[in-house]
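# Observations on the model geometry
The primary structure of each chain is shown beneath.
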Amino acid sequence: MCGSPADGICRRAAQTALHLLAEQHPTDEVKLIDVAALNMSWCVGCNRCKDLGRCFMRDDMDEVIATLSRASSLSVVAPVYFAGPSAPYKALLDRLQPLFWNRMHNAGKTDVRRSARLLVVGQGGDPHGFDPLVVCTRSALAVAGFLLDVVEACIGQDAEEILRRVPAWIGCSHDKIADEVQGGFSYGC
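Here the structure is a predicted model, which is why all the values come from computation and not from measurement. (Residues numbered from 1 in each chain as written. Predicted model: local features only at pLDDT ≥ 70, side-chain atom pairs only at ≥ 80, totals over all residues. Heavy atoms only, no water.)

## Some words on the environment of Ile9
Assignment of secondary structure puts Ile9 in helix 1 (residues 9-24). With a relative accessible area of 22%, Ile9 lands in the partly exposed category. Taking C-alpha positions, Ile9 is 8.2 Å from Val121, a pair spaced 112 residues apart along the chain. The residues contacting Ile9, other than those within four sequence positions of it, are Val121, Ala159, Ile162 and Leu163. (Helix = DSSP H or I, 4+ residues; strand = E, 2+ residues; numbered from the N terminus. Buried < 20%, exposed > 50% of the residue type's maximum accessible area, 1.4 Å probe, protein only. Contact = heavy atoms within 4.5 Å.)

As structure tokens, then:
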């Protein structure tokens with residue numbers, strides 16, 4: 001998942017991760033959820049999802065929630081904006097509210113959490129860090145059935161260094177096998 005509204009290093013890192021994961025798992029469906037490409041509205045806080053079991057709005061979040069429900073793991077690349085998530089990424093996280101109510105209705109049942117990892121990208125310099133981004137991500141992904149167990153911070157690093165860190169972040173080896181992938185680096189998994 002790419003939580004950036006812009007076409008920059010987060011998107012390049014997400015595309016690199018997508019390529020590497022597809023290479024590592026050729027028989028699995030590996031999909032990129034790009035918040036900038038989604039047609040979705042923000043949560044209006046009406047809580048109709050509590051009774052409906054889904055959001056009343058019909059938009060791309062239907063497919064996002066379906067994709068998340070099928071996923072065995074999740075990797076998220078997100079920029080940090082004033083210590084927190086970008087507006088479109090926060091809107092996506094907020095729209096997971098129906099999953100909260102579904103969890104509440106199924107309380108007491110076995111809860112197996114799937115692995116999630118977060119790559120935080122930022123220029124640095126914010127004295128408040130990026131904990132709000134991590135907390136928002138952890139909380140929203142928990143209702144979607146994920147445990148945020150890896151947080152990798154790429155704060156104040158250039159694009160080349162961030163792309164070099166992607167393979168280790170997603171659990172691939174560091175053996176370089178090609179010079180470029182999507183303008184970045186390719187590593188063996």
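Picking up after the structure, the text goes on.
## Considering the sheet that holds strand 2 (residues 114-122)
Reading across the sheet, the three strands line up as 1-2-3 and stay open at both edges, with parallel pairing between neighbours. Two strands in the sheet have a free side with no partner beyond their single neighbour: strand 1 (73-79) and strand 3 (146-155). Neighbour to neighbour, the strand axes of the sheet diverge by 15 degrees on average, direction disregarded. Both strand 2 and strand 3 contribute to a ladder of nine bridges, which runs parallel. Note on strand 3: the bridge partner recorded for Gly122 is Ile155. (Pairing = 2+ DSSP bridges. Axes fitted to C-alpha atoms, helices over the stretch in contact; angles between N-to-C directions.)

## Here's the deal with helix 3 (residues 61-70)
Among the residues making up helix 3, those that are buried are Met61, Val64, Thr67 and Leu68. Summarising the axial view, the buried residues of helix 3 lie within an arc of 120 degrees, below the 170-degree limit, and thus occupy one face. Against strand 1, helix 4 (87-94), strand 2 and strand 3 lie the buried residues of helix 3. (Arc of directions from axis to C-beta.)

## Digging into the nonpolar core
Membership of the largest hydrophobic core comes to 29 residues, with the highest contact counts inside it found for Leu92 and Leu96. Per element, the largest residue contribution to this core is five residues, and it comes from helix 6 (residues 131-143). With residues near it in sequence (within four places) discarded, Leu92 still touches Met1, Ile33, Val35, Leu38, Met40, Met61 and Val64. Counting 17 residues, the second largest nonpolar core, distinct from the first, contains Ala14, Val77, Trp169 and Ile170. (Core = buried A, V, L, I, M, F, W, Y, C linked by side-chain atoms within 4.5 Å.)

## Looking at the environment of Pro127
For Pro127, the position within the fold is in the loop between strand 2 and helix 6. Using a relative accessible area of 74% as the deciding quantity, one classes Pro127 as exposed.

## Quick look at the side chain of Ser86
For Ser86, the position within the fold is in the loop between strand 1 and helix 4. When residues no more than four places from it in sequence are discounted, the contact partners of Ser86 are Gly3, Pro5, Pro79 and Tyr81.

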